[in-house]
Amino acid sequence: MQRCPVCRAAIKGGPDCRRCRADLSALLKIEQEAENLARQAVRLWAAGAVGAAAEAARNSLALKATPLAEVIRIFAQCGPGDSGKCSVVLFENEDN
Ligand SMILES: [Zn+2]
């Protein structure tokens, strides 16, 4: 989150918006959890736990849609060693 969802001011530093003083701590916490889940998905996928990686990626996407989590979700569908197939899936998804 780069801008306050209330007043659109750029967010810098603490959990309160410097312009409208909105408390953004809950939103920042959710955003951090989404990032943690995306990182967990990468680790799980690298360890070969494809199903768990896909679940972590889906949970991350439920909190915040990010390109990283979406790529992990797609790769988890393919599984390790299927990079050729994954490339096709990723290429097809560029049109969506
Ligand atoms: Zn604000």
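Structure: above.
Throughout what follows, the structure given in this document is the object of discussion. (Residues numbered from 1 in each chain as written. Predicted model: local features only at pLDDT ≥ 70, side-chain atom pairs only at ≥ 80, totals over all residues.)

1. A look at the packing of helix α1 (residues 25-46) against helix α2 (residues 50-63)
Line of reasoning, step 1. It is at 8 Å that the axes of α1 and α2 come closest, and there the two elements cross at 165°. Classified by the interaxial angle, the pair formed by α1 and α2 is roughly antiparallel. Like other packed secondary-structure pairs, α1 and α2 cross with a definite hand, here left-handed. Of the residues in α2, those touching α1 at Ile 30, Glu 33, Ala 34, Leu 37, Ala 38, Gln 40, Ala 41, Leu 44 and Trp 45 are Val 50, Ala 52, Ala 53, Ala 56, Ala 57, Asn 59, Ser 60 and Leu 63.
Line of reasoning, step 2. Classifying every residue of the contact of α1 with α2 gives 13 nonpolar, three polar and one charged. (Axes fitted to C-alpha atoms, helices over the stretch in contact; angles between N-to-C directions. Helix = DSSP H or I, 4+ residues; strand = E, 2+ residues; numbered from the N terminus. Parallel < 35°, antiparallel > 145°, perpendicular 65-115°, else oblique. Left-handed = near helix turned anticlockwise from the far one by under 90°. Contact = placed C-beta atoms within 7 Å. Nonpolar A, V, L, I, M, F, W, Y, C, P; charged D, E, K, R; others polar.)

2. So, the environment of Glu 70
Line of reasoning, step 1. Mapped onto the elements of the fold, Glu 70 is located in helix α3 (residues 67-78).
Line of reasoning, step 2. In this structure Glu 70 comes out as partly exposed when scored by C-beta crowding, with 17 C-beta atoms within 10 Å.
Line of reasoning, step 3. When the C-alpha atoms of Glu 70 and Arg 58 are compared, they prove to be 8.1 Å apart, with twelve residues separating the residues in sequence. (Buried ≥ 20, exposed ≤ 12 C-beta atoms within 10 Å, placed from the backbone.)

3. Description of the nonpolar core
Line of reasoning, step 1. Residues Ala 38, Ala 41, Trp 45, Ala 53, Ala 57, Ile 72 and Ala 76 are the most contacted members of the largest nonpolar core, which totals 14 residues.
Line of reasoning, step 2. Secondary structure elements with two or more residues in this core: α1, α2 and α3.
Line of reasoning, step 3. Top element by residues in this core is α1. It accounts for six residues.
Line of reasoning, step 4. Ala 53 has contacts with Ala 41, Leu 44, Trp 45, Ile 72 and Ala 76, leaving out every residue within four places of it along the chain. (Core = buried A, V, L, I, M, F, W, Y, C linked by C-beta atoms within 7 Å.)

4. Some points on the environment of Gln 40
Line of reasoning, step 1. Mapped onto the elements of the fold, Gln 40 is located in helix α1.
Line of reasoning, step 2. For Gln 40 and Ala 57, which are 17 residues apart along the polypeptide, the C-alpha to C-alpha distance reads 8.2 Å.

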